[in-house]
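Examining the three-dimensional arrangement
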Amino acid sequence: MRVNGFQSARLLIVEPSYYLAHVIRSQLKDVGFRRIDVVADTAYALSNLDSLRYDAVLCDADGGTLPPLEFAKIARRGRGRTDPYFCLLMLSHRPTVRKVGACRDAGANAFLLKPVSATNLRDKLIAGLSGPRRFVESESFFGPDRRRGLGCAPLAEDRRTPYPSAPEFIVAPRMIAA
């Protein structure tokens, strides 16, 4: 399924593997994205972010000359960047709970498992580009609001009923066999 309205979006892929970068770029082109740049290293990606405005960045979360988490923090908080409000997707082929949490805390919008399917990639990009979450800035964090729907009013009345009280058991005396 092709995306409509996102053909002009500029994307940056940060992937050290030439072959995987080619696959991701082909998937993005197949779903309708046209302006796609590919770099092999996070240091080059920062120089691209200094000179061009990107709508989304897809970054390998497993390595680079500049650690990917530092890249995310610098790209989000670094002064002089063209736009720190881009959609940041982190990709990894060996995710852990700690890595996913660290990427979220560094300002990533989403985390995807490699090899990523074209459908999953398209859905995450469209969600990040069409309905971005509001951004939060504090001393230790700058990025999309990590709370998703917490504190929202329920859509319908609460139909749950409390558990009934446990039935009382009567202990019968033991029968002695004669």
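Look up a bit, the structure's there.
Just so it is clear, the structure is predicted and the values come from calculations on it, not from any experiment. (Residues numbered from 1 in each chain as written. Predicted model: local features only at pLDDT ≥ 70, side-chain atom pairs only at ≥ 80, totals over all residues. Heavy atoms only, no water.)

1. Here we look at the side chain of Asn48
Note on placement: Asn48 falls in helix H2 (residues 42-51). In this structure Asn48 touches Leu12, Val39 and Tyr54, once residues within four positions along its chain are discounted. (Helix = DSSP H or I, 4+ residues; strand = E, 2+ residues; numbered from the N terminus. Contact = heavy atoms within 4.5 Å.)

2. Thoughts on the packing of helix H1 (residues 18-31) against helix H5 (residues 118-130)
Running from N to C, H1 and H5 point in directions that differ by 70°, and their axes come no closer than 10 Å. By the angle between their axes, H1 is roughly perpendicular relative to H5. As for the relative orientation of H1 and H5, their crossing is right-handed in sense. Of the residues in H5, those touching H1 at Ile24, Gln27, Leu28 and Val31 are Ala118, Leu121, Arg122 and Leu125. Residues that form the contact of H1 with H5 fall into these classes: six nonpolar, one polar and one charged. (Axes fitted to C-alpha atoms, helices over the stretch in contact; angles between N-to-C directions. Parallel < 35°, antiparallel > 145°, perpendicular 65-115°, else oblique. Left-handed = near helix turned anticlockwise from the far one by under 90°. Nonpolar A, V, L, I, M, F, W, Y, C, P; charged D, E, K, R; others polar.)

3. Quick look at helix H3 (residues 68-77)
Listing the buried residues of H3 in full gives Pro68, Phe71, Ala72, Ala75 and Arg76. Along the axis of H3, the buried residues cluster in a sector spanning 120°; they form a single face. (Buried < 20%, exposed > 50% of the residue type's maximum accessible area, 1.4 Å probe, protein only. Arc of directions from axis to C-beta.)

4. Some thoughts on unusual backbone geometry
For the peptide bond that leads from Lys114 to Pro115, omega is -5°, which places it in the cis range. Summarising the element assignment, Pro115 is placed in the loop between strand E5 (110-113) and H5.

5. Quick look at the environment of Ala106
Relative to the helices and strands, Ala106 is located in helix H4 (residues 97-106). According to the relative accessible area criterion, Ala106 is buried, its value standing at 3%. For the pair Ala106 and Phe71, spaced 35 residues apart in the sequence, the C-alpha separation amounts to 8.8 Å.

6. Structural notes on the state of the cysteines
Applying the stated rule across the entire model yields zero disulfides. Free cysteine: Cys59, not disulfide-bonded; nearest cysteine sulfur from Cys103 at 8.2 Å. Note on Cys59: relative accessible area 0%, which makes it buried. Given a relative accessible area of 2%, Cys103 falls into the buried group. (Disulfide = S-S within 2.5 Å.)

7. Some thoughts on the pattern of salt bridges
Taken as a whole, this structure holds six salt bridges when the rule is applied. Asp60 is the salt-bridge partner of Lys114, the closest N and O atoms lying 2.5 Å from each other. Placement of the pair is Lys114 in the loop between E5 and H5 and Asp60 in strand E3 (residues 56-60), with a sequence separation of 54 residues. With respect to burial, Lys114 and Asp60 carry one shared label: buried. Between Asp62 and Lys99 there is a salt bridge, with its nearest N and O atoms 2.4 Å apart. (Salt bridge = Lys/Arg side-chain N within 4 Å of Asp/Glu carboxyl O.)

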